[in-house]
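Structural characterization, general
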Amino acid sequence: MLYAAAVYEESPDVKIKCWLLSKNLNLYADRLGENGIHTLEQVVDLEINDDKIYEKLGIKLAGHRRRFERAVLDLRRKRCLDEEPETPVAYGYWAKPEDLSDAQNEFLCIQAKAKSPFNDHLTRNLEFMVDSGSDVSTLQREIIDSLQLKSVSTVESKGIHSASREKDLYNVYLQLGKESLDIDVIEENYNSLGNKILRQFRHYINGSRHIWLSGHRQHTSTNEEELKEPSAATPPSSSALSTSQPPQP
């Protein structure tokens, strides 16, 4: 009996009831269960701005609704604090890429390794400009030739101030920090990563750097002190970052 007491753990349903009781909302315990909500994790993920949630739970009093909203937000904060610190995938920085050295402003950039799909020995360590306004990623002709990339199809490419034209599409492997990607690129006079790549990650930009985070985590603190240094990616030593615009040269 003493052993059983030592290892006893409350069931998820009991945890919800205790939580509701602590917030003076215990009269809604049965309604949560009737709507398939049996764990605090499910409570955390509720859309608390959706009026339908309160209709389903029978929460009609404005004061009870506000109390429930505050209670869910408190749970979310606690879950963020209880989570293990997240290890970033890679770090980016503000800089003028060598092939865009005449540009007036600096760009968000990141170091990555491009690899040939046909020959494991053909690799290039490159600096890429982050181009969130473009659907496509790009490589310089010299890089395409050195990796012996082959055209897999064609695509219509149109710049802001240029007419549409057909370009070859090439497949290349990309090592971005600790993530390996299979991407398509077109030829351009600079190396860039477009928004199709960016959308696979989450991003945090503060006053010193651009942090690339894995795209699957649902709740992430934006406190950089809670982020671990990655084991494979070392932050660049040059260029300062800002949260909205790159520093003026």
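To keep things clear, this report deals only with the structure shown in the data block. Note that the coordinates shown come from a computational prediction; the quantities given were computed from them, not determined experimentally.

1. A look at the layout of surface pockets
Computed from the structure, the second largest pocket encloses a volume of approximately 210 Å³. Lining the second largest pocket are 10 residues, with L40, E41, V44, L75 and R79 sitting closest to its centre. Among the secondary structure elements, those contributing two or more residues to the lining of the second largest pocket are α2 (12–22), α4 (40–44) and α6 (62–82). Looking at the lining of the second largest pocket, the element that brings in the most residues is α6, giving four residues. The class makeup of the residues in the lining of the second largest pocket is four nonpolar, one polar and five charged.

2. Describing the pattern of salt bridges
All chains considered together, the criterion is met by eight salt bridges. Across the salt bridge formed by E187 and R141, the nearest N and O atoms sit 3.0 Å from each other. In this pair, E187 sits in strand β7 (residues 179–187) while R141 sits in helix α7 (residues 141–146), placing the two residues 46 residues apart along the sequence. In this structure E187 comes out as partly exposed when scored by relative accessible area, which is 32%. Residue E188 pairs with K167 through a salt bridge whose shortest N-O separation is 3.2 Å. Of this pair, E188 sits in the loop between β7 and β8 (192–193) while K167 sits in strand β6 (residues 165–176), and the two are 21 residues apart along the sequence. Linked through salt bridges whose partners overlap, the residues forming this network are D51, R65 and E69.

3. A closer look at unusual backbone geometry
If you check the backbone angles, N24 has positive phi at about 60° while not being a glycine. Relative to the helices and strands, N24 is located in the loop between α2 and α3 (29–34).

4. So, the pairing of strand β2 (residues 107–115)
When strand β1 (residues 90–95) meets β2, the two strands line up antiparallel, connected through four bridges. Within β2, the position partnered with Y93 by the bridge is C109. With seven bridges connecting them, β2 and strand β3 (residues 123–130) associate as antiparallel partners. Pairing of A112 across the sheet is with L126, part of β3. Here three bridges tie β2 to β6, and the two strands are oriented antiparallel to one another.

5. Some remarks on the packing of aromatic side chains
A full pass over the atoms with the stated rule returns three aromatic pairs. Seen from their ring centres, Y54 and F68 are 6.2 Å apart, and the 85° between their planes marks the pair as edge-to-face. Remark: F68 occurs in helix α6 and Y54 occurs in helix α5 (residues 51–57); sequence separation between them is 14 residues. Of the two residues examined, Y54 and F68, each falls in the buried class. Note on F201 and W212: the rings are 5.4 Å apart at their centroids and 75° apart in plane angle, and the pair reads as edge-to-face. With F201 in strand β9 (residues 201–205) and W212 in strand β10 (residues 210–214), the pair connects residues that are 11 residues apart, well separated along the chain. Across this residue pair, the class does not change: F201 and W212 are buried. Through pairs of rings, three or more aromatic residues link up here, namely W19, Y54 and F68. Here the basic side chain of K150 rests over the ring of F118, its NZ or CZ set 4.6 Å away from the ring centre.

6. Let's talk about α2
For an α-helix the count is 3.6 residues per turn, leaving residues at separations of three or four pointing the same way. Of all the residues in α2, the buried ones are I16, W19 and L20. The arc that holds the buried residues of α2, viewed along the axis, is 95°, so those residues lie on one side. Turned more than 90 degrees from where α2 packs its buried face, L21 and S22 sit exposed. N24 sits one or two positions beyond α2 and adopts a positive phi of about 60°.

7. Describing the side chain of H64
Structurally, the position occupied by H64 is in helix α6. Apart from the residues within four sequence positions on either side, H64 is in contact with L25, L27, Y28 and I59.

8. Quick notes on the side chain of S192
Along the polypeptide, S192 turns up in strand β8. A polar contact of 2.7 Å, which involves the side chain of S192, links it to the side chain of T138. Ignoring any residue separated from it by four or fewer positions in sequence, one finds S192 in contact with F128, M129, D131, V136, S137 and T138.

Procedures and definitions
Residues numbered from 1 in each chain as written. Predicted model: local features only at pLDDT ≥ 70, side-chain atom pairs only at ≥ 80, totals over all residues. Heavy atoms only, no water. 1 Å grid on protein atoms, 1.4 Å probe; cavity = no way out; pocket = protein on both sides within 12 Å on 5 of 7 lines; lining within 4 Å. Points joined across faces, edges and corners; volume = space filled by probe spheres on them. Helix = DSSP H or I, 4+ residues; strand = E, 2+ residues; numbered from the N terminus. Nonpolar A, V, L, I, M, F, W, Y, C, P; charged D, E, K, R; others polar. Salt bridge = Lys/Arg side-chain N within 4 Å of Asp/Glu carboxyl O. Buried < 20%, exposed > 50% of the residue type's maximum accessible area, 1.4 Å probe, protein only. Pairing = 2+ DSSP bridges. Phe/Tyr/Trp six-rings, centres within 6.5 Å; stacked < 30°, edge-to-face > 60°. Lys NZ or Arg CZ within 6 Å of the ring centre and 35° of its normal. Arc of directions from axis to C-beta. Contact = heavy atoms within 4.5 Å. Polar contact = N/O pair within 3.5 Å; in protein donor to acceptor, adjacent residues only side chain to side chain.

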